[in-house]
Amino acid sequence: MVELTVTRRSAFEGLHAIGVAGKVSATQSTFATRFSFRGDHQAAALASKAFGVTLPTTLLKAETNGTRTAISLGPDEWLLIAEDGVAQSLADDIAKALGIHFHSLVDISHRNTGFDVSGPEAATILSTGNPLDLHISAFPIGMATRTIFSKAEIVLWRKSADTFHIELWRSFLPFVWGLLEEAAHEV
Amino acid sequence: MSLHLRTTRPGRVDRSKPLTFTFDGKSYKGFQGDTLASALLANGVHLMGRSFKYHRPRGVVTAGSDEPNALVSVGVGARHTPNLRATQVELYDGLVAKSQNAWPSLSFDIGSINNVLSPLFVAGFYYKTFMWPNIAWKKLYEPIIRRAAGLGTAPTSPDPDHYSTRYAHCDVLVIGAGAAGLSAALVAADSGARVILCDEQAELGGSLLSELHATIDGKSAIDWVADAVQTLSAKSGTVTLLPRTQAFGYFAQNFVGLVERVTDHLASPDKKLPRDRLWQVRAKEVVIAAGAHERPLVFPDNDRPGIMLADAARIFANRYGVRPGGRAVVATAHDSAYQAALDLKAAGVTIERIVDLRHDANGPLPNAARAAGIRVDVATAITGSTGSLRVKSARVSKIGTDGEEDIPCDLILMCGGWTPSVHLFSQSRGKLKFDAERNVFIPGTSVQAERSAGACKGSETLADAFADGFAAGSDAATKAGFKASSHSVTVSGVHEAKGGFLGAVPHPHDAGRVKAFVDFQNDVTAKDIKLATREGMRSIEHVKRYTTTGMATDQGKLSNMNALAIASQALDKSIPEVGLTTFRQPYTPISFGAMANHSRGDLFDPVRKTPTHAWAQSQGAIFEDVGLWKRAWFFPKAGEDMHRAVLRECKTVRETAGIFDASTLGKIEVVGPDAAEFMNLLYTNPWSKLEVGRLRYGVMLNEAGFVMDDGVVGRIADDRFHVTTTTGGAPRVMNHMEDYLQTEFPHLKLNITSTTEQWAVIAVQGPKARDIIKPLVEGIDLSNESMPHMSVKQGKICGVPTRLFRMSFTGELGFEVNVPADYGQAVWEAIWAEAQKYNACAYGTETMHVLRAEKGFIIVGQETDGTMTPDDVGLAWAIGKTKPDFVGKRSLTRPDLVKADRKQLVGLLPVDPKTLLEEGAQIVGQANVPTGTPALGHVTSSYESAVLGRTFALAVVAAGRSRIGETLYVPMPGGDIAVKVTDPVFYDKEGARLNG
């Protein structure tokens, strides 16, 4: 058996950082473990224990505990985000916690990538491609939803008053990044 | 600088900031705050354009966005922008403007011959003239019309500017920042509501900016505006003020489109700023405060330079500090023109006379005019004008008499009354109602959450505009869920102004021989409209299309009501009976750039690249677009063209091996205890007995029984399938599955998740495939016994977890290595290093296509066209005969789908082995068939094969399988091509090579 060192390459390779001092910046997230979890509310309750975060049973919500976040994307669908490198152990833990209770768990750690947009003008530049009302009164901290940015599907989650997290499929990253780069020029 | 046409009072113009600009190459001076129109007037220039059809000399008529005449081109080179209204073009230092529709020059224009020939150019001229002979249309008439039609010229080079867009939400959107709009915004903002206030002008304030006499709560109009704007600006957290922003379209659910002109007014704008910004606003409540348009009077020769609307002249004098003339005659039917006369007189213009169509003019304003020593003639009409490039005199006549008097002057001010601007209300689908007493259409029943305020609602006094605005702002804020407090102001110093006139002004001339313009921009006269009614047009919609009245870029802002009144009189019907034309977006023209905004160049659409894209690029791959994906098409070596590269790649794969990026294939993870049952229902194949660790080729049908997609499916666990789809079909298949899962089979316990981008897929195909990957694979026995054709195992490759598929789309021994996407390039490079030891190659989609065709494997969308059943394409074996049901099963028994003469997949070998058939070419049974002979089928794929040493093709042919061995013909422009019908599998029919 040949031992090989292989490099994991980020979907962000080749993209330039976006930043306008005091106004807005976009930073790529580090590698993360991600799962699509599907099941009923009881399944969610069982998975919550294994995951260490309460999977929110109200829609449009994100719950975070330390390095782990659960975002409700539908009545029976959650996006789970955890620290890198725990895909196998987490899958085992959740499988054990659920037993034969119907659910599905699919590893999407490499399908998705994500980044934060932060700063006082974060909502402004996101408004160039996202049609939702991002005012804090309409899109409060902890709210998250599957939505669009221009022609790409994204998951948008407000982590704090001026920090948003975007999750998207890796091949759409350069498109969304490019649009945000243009939008940042204006602020 | 000559200031002889500037008034002592500078108005809103900053005379400490002089600017230089050119118009038709001549240099002029203006000031910061001027529009191009006000600056040209201050230089004595009234002639600003030539009319569209007759090329008549035209001057500025209005002071705003409703300007029909003074359309100019601004900027040079790629930034040249045609058809801008000089009244809206803000002056900056170095501005370059040009007139339009004139050659060789504005003052001497050859095209004005059309004016002399005008009896030929009657309404409906095109319809009548360019009818015959038919052939002349394409060759003669259309080119002539195209050259003559349209104003200005579009720039030919790419737009160097960039444009932006922004979505915005608010509780209250206020459109228009005059007295009513500012008031509405103040109340709404005070309630805490989120407010957007937009106005098309550079400065907020609307008509208050030219109001000199009003006192509002003890302040001048200008001071009140300044205070109001300051109050609103202070609430920057909730209030967005958008000057230079046109609300151009009112769409469904209170979605309003605005275009902000961000940099057009700047001499050297910041390159980072967009030129225009499209605002897509969703408002809970809308207040429309769009004001009113002053109406021209329709009298003979009412279009000479120097004839303008009375209030426009007042705006030029009061707001811009410009005297638009020295001696003016005022023709009116409304009291407001008297205020204009008084203000212009105060500004130094001699008012020769005011002629009023009404029999009485005894309101406070007419009386004030008389008191100021201005001669007022009532029951007197303006019946003509003289002059060519500038008006020289006004012709007036006592109504009912033939006598006419010429009054020398260089300025004629006209006022036919005011038309409420109901465009946006009408676009919101609100129903207009006709106020017969005042002859105006005003907003009636609302359809959306909006209300109108001020002059656009028909209110006539400044006090009413404020009251309307406060009430509308309060109503809007309350309905949006806020508590609004009551506001009011006390207005003094302004007088009520009443009156109005619609239609053609009476005159003693032969109406068929004069030109009294109704629509200045489209050169439509009163007699054109009468002609249209005589020729049978009954509805204003027909009159409009026949004469083109109201169809110019100004949307008939000035002309609609007069046109309607003339038609109504000619038809002897009331105005509401004749009807009103539909108001369309955009309210004023907006740029293509604003509409396209970021969607250009690399950002027009997402460009999806696979994890190994960079590697392929470094190897000189040529890419092809497959949906949004970029796929490596072929990898030419030095000196190779596509043909030679593909032949080499094909040969290498068959002799040794090749590696291919299959990452774009759609992938769907189907998980749950009922996963196999779901697969049974969605695919034709049986899945229940597929063992874990085995693969099966699946065929998906639509409800009609036609092949929709195909792909290899692996059973990863009892309750988990790894489904692959075609590249282009991935989203469609996902939606199809989700649709059936939610609507038809909700009782099944499973879920589907797209994993297309989770996995990078590296296909290794060819006799040496196993040898290449073997040193890299850990924990998987690759032998035929352990891992036969159509199996899947999980283990590691290069230390990375993999789902390793043993499968083949080439007919050779093959593997598809699935690894998590971030590792795709590293694993690819490791496999490539091994592959090079065997002189294997990287191959692209074209080679993939050839190799699969040699094996008779179909490509959905190439061999199928949405009307092919599994049996048609030789896939009847993939149908689970004993399955009780699957999507499309019932349709497969329809009589038409089991007919013997359906088109079936076959192979074709051209009799001449060097002839390459054209894909899509038709196939017939005999040589030399007459044109119109129905085809038996068509060529679906056609290539040259390295391994066969000849060309070959796949085709669908009626009853094709029964024709194997026959000779058919492909008729082409160069003659028939004889082809032999064969089995569609050309190479290794027994499939021995799969087990290599």
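Residues numbered from 1 in each chain as written. Chains lettered and ligands numbered in written order. Predicted model: local features only at pLDDT ≥ 70, side-chain atom pairs only at ≥ 80, totals over all residues.

**Observations concerning the overall build of chain A**
Using the following cut-off: The numbering of helices and of strands both runs from the N terminus, where a helix is a DSSP run of H or I of at least 4 residues and a strand a run of E of at least 2. As defined in this context, the radius of gyration uses C-alpha atoms, and a globule is described by 2.2 Å times the residue total to the power 0.38. As a rule, residues whose C-beta atom has 12 or fewer other C-beta atoms within 10 Å are exposed, those with 20 or more are buried, and those in between are partly exposed; C-beta atoms are placed from the backbone. We call two residues in contact whenever the C-beta atoms placed from their backbones are within 7 Å.
Regarding its fold elements, chain A presents four helices and 11 strands. In terms of overall dimensions, chain A is globule-like: its C-alpha atoms have a radius of gyration of 17 Å, near the 16 Å expected for 187 residues. Counting only C-alpha atoms, chain A reaches 55 × 50 × 30 Å along its principal axes. With 187 residues in all, chain A has 45% of them scored as buried. Nonlocal contacts in chain A, meaning residues at least 24 apart in sequence, comprise 60% of its contacts between residues at least 6 apart.

**Some details on the overall build of chain B**
Along its length, chain B carries 23 helices and 51 strands. In terms of overall dimensions, chain B is more spread out than a globule: its C-alpha atoms have a radius of gyration of 38 Å, far above the 30 Å expected for 996 residues. With respect to the three principal axes, the spread of C-alpha positions in chain B is 115 × 70 × 55 Å. Out of the 996 residues belonging to chain B, those deemed buried represent 54%. Pairs at least 24 residues apart make up 67% of the contacts formed inside chain B by residues separated by at least 6 positions.

**Brief notes about the sheet that holds strand E35 (residues 666-671) of chain B**
All names here are of chain B. Defined as follows: DSSP calls a pair of strands paired once it identifies at least 2 bridges connecting them. Fitted lines through C-alpha atoms give the axes, limited to the stretch in contact for helices. The angle between two N-to-C directions lies from 0 to 180 degrees.
Judged by pairing direction, the sheet is antiparallel, and its five strands sit side by side in the order E36-E37-E38-E35-E39 without closing on themselves. The strands lining the two open edges of the sheet, one partner per strand, are strand E36 (695-701) and strand E39 (751-754). For this sheet the average axis-to-axis angle between neighbouring strands, irrespective of direction, equals 30°. Sheet topology note: the E36/strand E37 (residues 707-717) ladder contains seven bridges and is antiparallel. From the neighbouring strand, Leu695 faces E37, where its bridge partner is Gly714. Contacting E35, E36 and strand E38 (720-725), helix H19 (residues 675-682) crosses the sheet at an angle of about 130° to E35.

**So, the packing of helix H7 (residues 310-318) of chain B against helix H8 (residues 336-346) of chain B**
All names here are of chain B. The test is simple: Roughly parallel covers angles under 35 degrees, roughly antiparallel covers those over 145, roughly perpendicular covers 65 to 115, and oblique covers all other angles. In a left-handed crossing the near helix is turned counterclockwise from the far helix by less than a right angle, and in a right-handed crossing that turn is clockwise. Amino acid classes used here: Ala, Val, Leu, Ile, Met, Phe, Trp, Tyr, Cys and Pro are nonpolar; Asp, Glu, Lys and Arg are charged; the rest, including Gly, are polar.
At their nearest, the axes of H7 and H8 sit 9 Å apart, and the two run at 30° to each other. Considered as vectors, H7 and H8 are oriented roughly parallel to each other. Pair H7 / H8 crosses with left-handed handedness. Contacts between H7 and H8 involve Ala310, Asp311, Ala313, Arg314, Ala317 and Asn318 from the former and Ser336, Ala337, Gln339, Ala340, Asp343 and Leu344 from the latter. Looking at the contact of H7 with H8 residue by residue, the class counts come to six nonpolar, three polar and three charged.

**Examining the interface of chain B and chain A**
With 43 residues of chain B in contact, the opposing surface of chain A contributes 39 residues. Listing elements by their share of the side of chain B that touches chain A, those giving two or more residues are strand E8 (164-175), E35, E39 and helix H22 (824-836) of chain B. Of the residues forming the side of chain B that touches chain A, the biggest block, six residues, is contributed by E8(B). Class assignment of the residues belonging to the side of chain B that touches chain A gives a composition of 20 nonpolar, 11 polar and 12 charged.

**Some words on the domain arrangement of chain A**
Residues and elements named next belong to chain A. Inclusion rule: Throughout the structure description, domain borders are defined by an automatic or database domain assignment.
As far as domains go, chain A holds domain 1 (15-31 + 115-187) and domain 2 (33-108). The straight-line distance from the C-alpha centre of domain 1 to that of domain 2 is 24 Å. Taken together, the contact between domain 1 and domain 2 spans 10 residues of the former and seven residues of the latter. Looking at the side of domain 1 that touches domain 2, the elements with two or more residues in it are strand E9 (144-149) and strand E10 (152-160). Take the side of domain 1 that touches domain 2: its biggest share by element is three residues, from E9.

**Section: the pairing of E38(B)**
Residues and elements named next belong to chain B. Most of E38 is tucked away, with five of its six residues classed as buried. Direction of pairing for E35 relative to E38: antiparallel, over a ladder of six bridges. By the bridge assignment, Val670 is partnered in E38 with Phe721.

**Observations regarding the nonpolar core**
Heads up, the rule is: The term nonpolar core refers to a set of buried Ala, Val, Leu, Ile, Met, Phe, Trp, Tyr and Cys residues connected through C-beta atoms within 7 Å.
In this structure, Val176(A), Val764(B), Val827(B) and Ile831(B) are the most contacted members of the largest nonpolar core, which totals 167 residues. If you tally residues by element for this core, the top one is helix H4 (residues 173-186) of chain A, at eight residues. Domain assignment of the residues forming this core places at least three in each of domain 1 (15-31 + 115-187) and domain 2 (33-108) of chain A. In this structure, Val764(B) is in contact with Ala657(B), Ile659(B), Ala769(B), Ile772(B), Ile773(B), Gly814(B), Phe815(B), Val817(B) and Ile831(B), ignoring residues within four places of it in sequence. Ranked by size, the runner-up nonpolar core spans 101 residues in total, among them Ala97(B), Leu309(B), Leu365(B) and Ala381(B).

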